[in-house]
Amino acid sequence: VQVVESGGGLAQPGGSLNLSCTASGTVFSIRAMGWYRQPPGKQRWLDAVIHSDGYTDYVYAVKGRFTISKDSSQNTMTVLLQMNNQKPEDTANYYCIADSLHTKVWGQGAQVTVTS
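Throughout, a residue's number is its position along its own chain's written sequence, starting from 1. Residues qualify for local features only when their pLDDT is at least 70, as the model is predicted, and side-chain atom pairs are given and counted only at 80 or more; totals for whole chains, interfaces and linings, by contrast, use all residues. Side-chain numbers come from the whole structure's heavy atoms, not from hydrogens or water.

Caption draft 1: View of the overall build of the protein. What counts as a helix is a DSSP run of H or I of at least four residues, what counts as a strand is a run of E of at least two, and both are numbered from the N terminus. Of regular secondary structure, the protein possesses zero helices and eleven strands. Reading the protein from its N end, one meets helices and strands in the order β-β-β-β-β-β-β-β-β-β-β. The globule rule is 2.2 Å times the number of residues to the power 0.38, and the radius of gyration it is compared with is taken over C-alpha atoms. For a compact globule of 116 residues, the expected C-alpha radius of gyration is about 13 Å, and the protein comes in at 14 Å, within 12% of that figure. For the protein, the C-alpha atoms occupy an extent of roughly 40 × 25 × 20 Å along the three principal directions. Under the scheme applied here, a residue whose accessible area is under 20% of the maximum for its type counts as buried, over 50% as exposed, and between as partly exposed, the area being computed with a 1.4 Å probe on protein chains only. Residue burial in the protein is summarised as follows: out of 116 residues, 40% are buried. Sequence-distant contacts, at least 24 apart, represent 53% of the contacts inside the protein between residues at least 6 apart. Each accessible area value is a Shrake-Rupley result obtained with a 1.4 Å probe; residue values ignore everything except the protein chains displayed when judging cover. Accessible area of the protein: about 6,200 Å², with a carbon and sulfur share of 50%. Throughout, a residue-residue contact means that at least one pair of heavy atoms, one from each residue, lies within 4.5 Å.

Caption draft 2: The arrangement of the side chain of Asp99 in detail. One can find Asp99 in strand S9 (residues 92-100). The contacts of Asp99, once residues within four sequence positions are left out, are Ser29, Ile30, Arg31, Ala32 and Lys104.

Caption draft 3: Spotlight on the pattern of salt bridges. Each reported salt bridge corresponds to a side-chain nitrogen of Lys or Arg within 4 Å of a carboxyl oxygen of Asp or Glu. Tallying each qualifying case throughout the model produces five salt bridges. The residue Asp47 makes a salt bridge to Arg37 at a minimum N-O spacing of 2.8 Å. Within this pair, whereas Asp47 is found in strand S5 (residues 45-51), its partner Arg37 is found in strand S4 (residues 30-38), the two being separated by ten residues in sequence. Put simply, Arg65 and Asp90 hold a salt bridge, and the shortest N to O gap is 2.8 Å. Highlighted residues: Arg65 in the loop between strand S6 (56-58) and strand S7 (66-72) and Asp90 in the loop between strand S8 (76-83) and S9, separated in sequence by 25 residues. Per residue, the accessibility class of Arg65 equals that of Asp90, and both read buried. The network of salt bridges with common partners includes Arg37, Asp47, Arg65 and Asp90.

Caption draft 4: Representation of the sheet that holds S7. Strands sit in the order S1-S3-S8-S7 across an open sheet of four strands; the sheet is antiparallel. Each edge of the open sheet is held by one strand with a lone partner, namely strand S1 (2-7) and S7. Between one strand and the next, the sheet's axes are offset by a mean angle of 15°, whatever the strand orientation. Taken together, the seven bridges between S7 and S8 define a ladder with antiparallel strand orientation. One bridge is not enough; two strands pair if DSSP finds at least two bridges between them. Note on geometry: axes are C-alpha line fits, over the in-contact stretch for helices, and angles between N-to-C directions span 0 to 180 degrees.

Below you can see the structure in the form of structure tokens.
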């Protein structure tokens, strides 16, 4: 499985940004995909996850603001993170992860900066 991220960038407080993550390869083995954030100087933590059956879960801080969704084909799985009503504390590097049967694969990271 390979994972490639896109999106992110600069937003004002209250604004919106999207992150996209496309997995390719043996996507049938993927059990879940998610987005982690890592603020400057802090550890990485899970913001949102979507399982292969479509079940989603969010950390409390982003519930009602972020939405994770997926679109699957035979050879790819794309996960979208829609980030609305953004706050300065959302500023971080965001990493996509694909949790497959035998390994976890990370994306390269995408910077999100929320500032006025």
